[in-house]
Amino acid sequence: MTLDAAIFFISAVVAVFGATMMITVRNPVASVLYLLVSFAAQAVLFIQLGALFLGMVLIIVYVGAILVLFLFVVMLLNLRGGEDLGQPSPPISRFSKFLIAALLLMEMVFVIRGSTGATDRAVTGMMGPVVDTFGSVEQVGMLLFTTYMYPFELTGVLLLVAIVGAVVIAKREADHEAAQRAQAISEQGDSSNKEVS
Amino acid sequence: MPVSAFLVLAGVLFAIGTVGVLISRNIIVLFMCVELMLNSANLALIAFSRALNVVDGHAFVFLVLTVAAAEVAVGLAMVITIFRNRETINIDRISILKW
């Protein structure tokens with residue numbers, strides 16, 4: 001087995017293992033950590049496919065920021081494994097869900113395996129040697145700032161909307177609760193004043 | 001390695017994400033499964049980019065990553081608000097919009 005294939009198989013097994021464990025463990029913190037393992041393996045695959053920049057972005061943005069955000073929320077809500085999640089669904093309903101996903105997977109594999117056209121030969125054949133600059137920061141950056149400049153600028157707007165939206169959604173109730181608490185305290189103060197008098 | 005191996009792997013990860021979305025009761029795990037599905041699509045985009053030797057796929061992956069980050073920020077803010085109001089993250093009990 002060549003080094004290329006070894007890297008692929010090890011990363012693929014780790015990625016699938018992490019993803020499977022993520023949906024089977026009950027503890028949300030363990031779930032986040034398994035997803036982290038899966039994403040790290042997928043970053044290796046990105047780099048193997050020549051996407052150096054995006055592999056690094058995946059590690060920095062997903063593992064470094066998004067999954068830490070998930071961990072923050074899990075710990076903020078103080079969830080424990082198996083708490084408050086109700087009864088498990090009956091076996092027949094669970095089986096039907098697995099069946100749906102298995103059918104979806106078979107469909108995708110058939111499409112990939114059944115390809116015969118000219119473009120498809122590039123997909124099913126072995127990968128050729130990679131050009132040195134392929135997927136480098138320079139090349140992706142040039143593409144983002146020339147051909148895809150408008151979408152790139154729009155992502156800036158999208159992120160701004162997301163920041164403002166997240167703050168608005170998470171904050172409004174906090175104000176409401178603070179008002180309620182202040183009201184409760186003042187009522188309490190009134191009643192204790194009455195008791196004194 | 002043929003590029004189709006990466007595509008099959010992306011399909012497997014997507015299917016695992018689908019199972020997770022269907023069977024998960026925990027809204028945070030459900031979000032993570034959506035992230036997994038988005039990233040498996042990214043893997044497929046990068047694999048095609050490598051097979052056809054064009055870098056455009058990388059730009060799409062970059063945009064998908066940005067959208068995923070925005071989605072997580074807003075989604076987790078909603079999870080926090082829901083938990084504050086209803087004291088639960090069980091999706092079977094957050095079904096008041098269901099007809």
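Above: the structure in question.
Being a predicted model, the structure only gives us computed values, none of them experimental.

### A closer look at the packing of helix α3 (residues 52-76) of chain A against helix α3 (residues 56-86) of chain B
Remark: α3 of chain A packs on α3 of chain B, axes separated minimally by 11 Å, with the N-to-C direction vectors making an angle of 5°. Taken as axis vectors, α3 of chain A and α3 of chain B run roughly parallel relative to one another. Along the contact surface, α3 of chain A presents Phe53, Leu54, Val57, Leu58, Tyr62, Ile66, Leu69, Phe70, Val73 and Leu76 of chain A, while α3 of chain B presents His58, Val61, Phe62, Leu65, Ala68, Ala69, Val72, Ala73, Leu76 and Ile80 of chain B. Tallied by class, the residues present in the contact of α3 of chain A with α3 of chain B amount to 19 nonpolar, one polar and no charged.

### Focus on the packing of helix α2 (residues 28-48) of chain A against helix α2 (residues 27-52) of chain B
At a closest axis distance of 11 Å, the pairing of α2 of chain A and α2 of chain B adopts a crossing angle of 5°. It follows from the interaxial angle that α2 of chain A and α2 of chain B lie roughly parallel. Contact residues: α2 of chain A offers Ser31, Val32, Leu35, Ser38, Phe39, Gln42, Leu45 and Phe46 of chain A, while α2 of chain B offers Val29, Met32, Glu35, Leu36, Asn39, Ser40, Asn42, Leu43 and Ile46 of chain B. Here the residues of the contact of α2 of chain A with α2 of chain B are counted per class, giving 10 nonpolar, six polar and one charged.

### Topic: the interface of chain A and chain B
The interface of chain A with chain B comprises 83 residues on the first partner and 73 residues on the second. Note on chain A versus chain B: buried area summed over both sides is about 7,200 Å², and carbon and sulfur give 79% of it. On inspection of chain A and its partner chain B, the count reaches zero salt bridges. Where chain A touches chain B, the interface holds five residue pairs in polar contact (both at pLDDT 80 or more). Counting residues per element, the ones that place at least two in the side of chain A that touches chain B are α1 (3-24), α2, α3, α4 (91-113), α5 (118-124), α6 (137-145) and α7 (149-196) of chain A. By residue number, the principal contributor to the side of chain A that touches chain B is α7 of chain A, which donates 12 residues.

The rules behind the values
- Residues numbered from 1 in each chain as written.
- Chains lettered and ligands numbered in written order.
- Predicted model: local features only at pLDDT ≥ 70, side-chain atom pairs only at ≥ 80, totals over all residues.
- Heavy atoms only, no water.
- Axes fitted to C-alpha atoms, helices over the stretch in contact; angles between N-to-C directions.
- Helix = DSSP H or I, 4+ residues; strand = E, 2+ residues; numbered from the N terminus.
- Parallel < 35°, antiparallel > 145°, perpendicular 65-115°, else oblique.
- Contact = heavy atoms within 4.5 Å.
- Nonpolar A, V, L, I, M, F, W, Y, C, P; charged D, E, K, R; others polar.
- Buried area = accessible area lost by both parts, 1.4 Å probe.
- Salt bridge = Lys/Arg side-chain N within 4 Å of Asp/Glu carboxyl O.
- Polar contact = N/O pair within 3.5 Å; in protein donor to acceptor, adjacent residues only side chain to side chain.

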